[in-house]
Amino acid sequence: MIDYQEQRYEKILMGFKDTKEFNLQEAILIAMCHYNLYRYSEGLLFIETALQKYSESLDLLTIKACLLCESGIDEKSDIKIIMAKDIFTTLLNMEKSYVNYYNLGNAWSALFD
C-alpha cells in the first residue's frame, strides 16, 4: 500500500507481472495503477479478465467505466465514452453518490467537447 501512496505504480505492476491469480483487492490495485499511468488500453484488457472472476464488483465496474471514458477522450472515440456513460448511469441507479454523479457528468461533458 505504501508503494501506491507514493505513486510507485510501475513497481506495483512489476510485482504482478507474472501473476495469473489475484484477489479482488489486488485486481483493483492493478487496474488503478494502469489508470494512474494513463495506460487505458492495458487497463481495459486487465479489467475484462478481472471482471470474469469478480463480476459482481462495483469497484471494478467503476474503474472499467473510468478507463473507457479516459480512453475515449484520448482517442476521440464517442463509442467508448457512450459505453462509459451507460455504465455510470447503471451505477448511479444503484447508488446515488457524489462519485457516480461526477463520473457521469464527466462522460456527458466529454461527449460535447
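Residues numbered from 1 in each chain as written. Predicted model: local features only at pLDDT ≥ 70, side-chain atom pairs only at ≥ 80, totals over all residues. Heavy atoms only, no water.

K.L.:
Hey, could you run me through the packing of aromatic side chains in this one?
P.N.:
The geometry of an aromatic ring pair is captured by two quantities: the separation of the ring centres and the angle between the planes. A complete count under the given rule lists six aromatic pairs for this structure. Centre to centre, the rings of Trp108 and Phe112 are 6.0 Å apart; their planes meet at 10°, and the pair counts as stacked. Trp108 sits in the partly exposed class, given a relative accessible area of 39%. The class of Phe112 is exposed, set by a relative accessible area of 66%. Among the aromatic residues, ring-to-ring pairing joins Tyr35, Tyr38 and Tyr40 into one connected group. In this arrangement the basic side chain of Lys53 is found over the ring face of Phe22, its NZ or CZ atom lying 5.6 Å from the centre. (Phe/Tyr/Trp six-rings, centres within 6.5 Å; stacked < 30°, edge-to-face > 60°. Buried < 20%, exposed > 50% of the residue type's maximum accessible area, 1.4 Å probe, protein only. Lys NZ or Arg CZ within 6 Å of the ring centre and 35° of its normal.)

K.L.:
Please explain the nonpolar core as it appears in this structure.
P.N.:
A general feature of soluble globular proteins is that nonpolar side chains tend to end up buried together. Core analysis: the largest hydrophobic core is formed by 34 residues, its most contacted members being Phe46, Ile47, Leu60 and Phe88. Breaking this core down by element, the ones donating at least two residues are helix H2 (9-15), helix H3 (24-36), helix H4 (40-53), helix H5 (58-75), helix H6 (78-94) and helix H7 (98-111). In terms of residue count, the dominant contributor to this core is H5 (seven residues). Leaving out residues up to four positions away in the same chain, Leu60 has contacts with Leu24, Ala27, Ile28, Ile47, Ala50, Leu51 and Tyr54. (Core = buried A, V, L, I, M, F, W, Y, C linked by side-chain atoms within 4.5 Å. Helix = DSSP H or I, 4+ residues; strand = E, 2+ residues; numbered from the N terminus. Contact = heavy atoms within 4.5 Å.)

K.L.:
Please explain the pattern of salt bridges as it appears in this structure.
P.N.:
When the charged atoms of two side chains with opposite charge come close together, those side chains can pair. This model, assessed by the stated rule, comprises eight salt bridges. A salt bridge links Lys11 to Asp3; the shortest N-O distance between them is 3.6 Å. We note a salt bridge from Glu48 to Lys64, for which the minimum N-O separation is 2.8 Å. Of the two residues, Glu48 is situated in helix H4 and Lys64 in helix H5; the sequence distance between them amounts to 16 residues. Since its relative accessible area comes to 37%, Glu48 is described here as partly exposed. Sharing partners across several salt bridges, the network here consists of Asp3, Glu6, Arg8 and Lys11. (Salt bridge = Lys/Arg side-chain N within 4 Å of Asp/Glu carboxyl O.)

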